[in-house]
Amino acid sequence: MSDYQKKWLYLILLSLIWGSSFILIKRALLDYTALQLGGLRIIIASITLFCFAPKTLFNIRWRDWKWLFWAGMLSSFFPPILFALAQTELDSGITAIFNSIAPLFTTLVGIALFGALITKRQILGVFIGLFGTAALIVAGMEFSPNQNYWYAIFILLSAFGYALNINIIKKHLSHLSPLAIATGSFGVAFIPALILLTYSGFFSSVAANGLINDALWYLLALAIVGTAIANILFNKLIYLSSPVFAASVTYTIPIVAVLWGVWDGENINAYQIIGGLIILFGVWLVNKKRK
């Protein structure tokens, strides 16, 4: 299989996996708090990666750990917590649509901090995407007043973190294997997540009520498949393609997530769909290559 075919295969697999992650977060939040869910997701994903490659951490050079620290905090620690916080107030489908702003942030970060070049078309695409995000927030506040759209800030912060992470990996860590990057990133996030989980009262709750519940199975699927395995695939995608192409996985994530949300009884109105399409049109302009 050629590299071209591989990168499209990884893009499709990630769209299906991450598109399904939002409904898994929603179900897991039925029995866990947002902090517990975020902390457990990181810890389980970390242990999974440590089992896959126990020697990987020892083969990473000391000078790479500086960049792995930032990659780990920006992509492996904060986003799982921020997404869980966002979905305490927002439907899973809407959360996924907001997440589609990531490629625009990737372009802006690449230009501002990593010396990437930009065209007039890409500038137009960024502004269109930001307009779509604003339209989505306004439509949600007007037609879904039961949801707190201020919590969309957590999604935008996560998207910004992903954008920084993608550019860091592409510029400073591309010599490492995708498995090494994923394992190192979660190795960085493991201890802070354990401290967070202790602070959240999880262990006292387990002592009182036991560990096994229905939400645990959703959490395990989210952590092992939707986090550990997906991060390895995503790092492979970054290795095979450009940062903006890798971030374009958000084209199809909202489609999968919205379908899951509708199946689960969520309401998506036409104005929210239009806002999402505007964002995706802006992303398309940013990614479109000249003939």
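Placed above this text is the structure.
Participant: A description of the packing of helix 2 (residues 34–52) against helix 8 (residues 178–199) should follow, citing residues and the corresponding values.
Facilitator: Interaxial distance between helix 2 and helix 8 falls to 8 Å at its minimum, and their mutual angle equals 140°. The orientation of helix 2 relative to helix 8 falls into the category oblique. Helix 2 and helix 8 meet at a crossing whose hand is left-handed. Of helix 8, the residues touching helix 2 (which contributes Leu35, Gln36, Gly39, Leu40, Ile42, Ile43, Ala45, Ser46, Ile47, Leu49, Phe50 and Phe52) are Leu179, Ala182, Thr183, Phe186, Gly187, Ala189, Phe190, Ala193, Leu194, Leu196, Leu197 and Tyr199.

Participant: Describe the packing of aromatic side chains, with residues and values.
Facilitator: Inspection of every chain in the model, using the stated rule, returns ten aromatic pairs. Here Tyr151 and Phe154 contribute two aromatic rings whose centre-to-centre distance is 5.5 Å and whose plane-to-plane angle is 75°, an arrangement assigned as edge-to-face. A residue is classified by how much of its surface remains accessible, and Tyr151, at 25% relative accessible area, is partly exposed. With a relative accessible area of 25%, Phe154 lands in the partly exposed category.

Participant: Mind laying out helix 12 (residues 253–263), listing which residues take part and the relevant values?
Facilitator: Of all the positions in helix 12, only Ile253, Pro254, Val256, Ala257, Val258 and Gly261 are classed as buried. Summarising the contacts, the buried residues of helix 12 are in contact with helix 1 (3–28) and helix 4 (92–99). Positioned one or two residues after helix 12, Gly265 has a phi angle of 95°, which is positive.

Participant: A description of the packing of helix 8 against helix 10 (residues 214–240) should follow, citing residues and the corresponding values.
Facilitator: Packing of helix 8 against helix 10 brings their axes to within 8 Å, and their N-to-C directions diverge by 130°. Relative to helix 10, the element helix 8 lies oblique. In this structure, helix 8 crosses over helix 10, and the sense of that crossing is right-handed. Of the residues in helix 10, those touching helix 8 at Pro178, Leu179, Ile181, Ala182 and Phe186 are Thr227, Asn231, Ile232, Asn235 and Lys236. Classifying every residue of the contact of helix 8 with helix 10 gives six nonpolar, three polar and one charged.

What counts and how
- Residues numbered from 1 in each chain as written.
- Predicted model: local features only at pLDDT ≥ 70, side-chain atom pairs only at ≥ 80, totals over all residues.
- Heavy atoms only, no water.
- Axes fitted to C-alpha atoms, helices over the stretch in contact; angles between N-to-C directions.
- Helix = DSSP H or I, 4+ residues; strand = E, 2+ residues; numbered from the N terminus.
- Parallel < 35°, antiparallel > 145°, perpendicular 65-115°, else oblique.
- Left-handed = near helix turned anticlockwise from the far one by under 90°.
- Contact = heavy atoms within 4.5 Å.
- Phe/Tyr/Trp six-rings, centres within 6.5 Å; stacked < 30°, edge-to-face > 60°.
- Buried < 20%, exposed > 50% of the residue type's maximum accessible area, 1.4 Å probe, protein only.
- Nonpolar A, V, L, I, M, F, W, Y, C, P; charged D, E, K, R; others polar.

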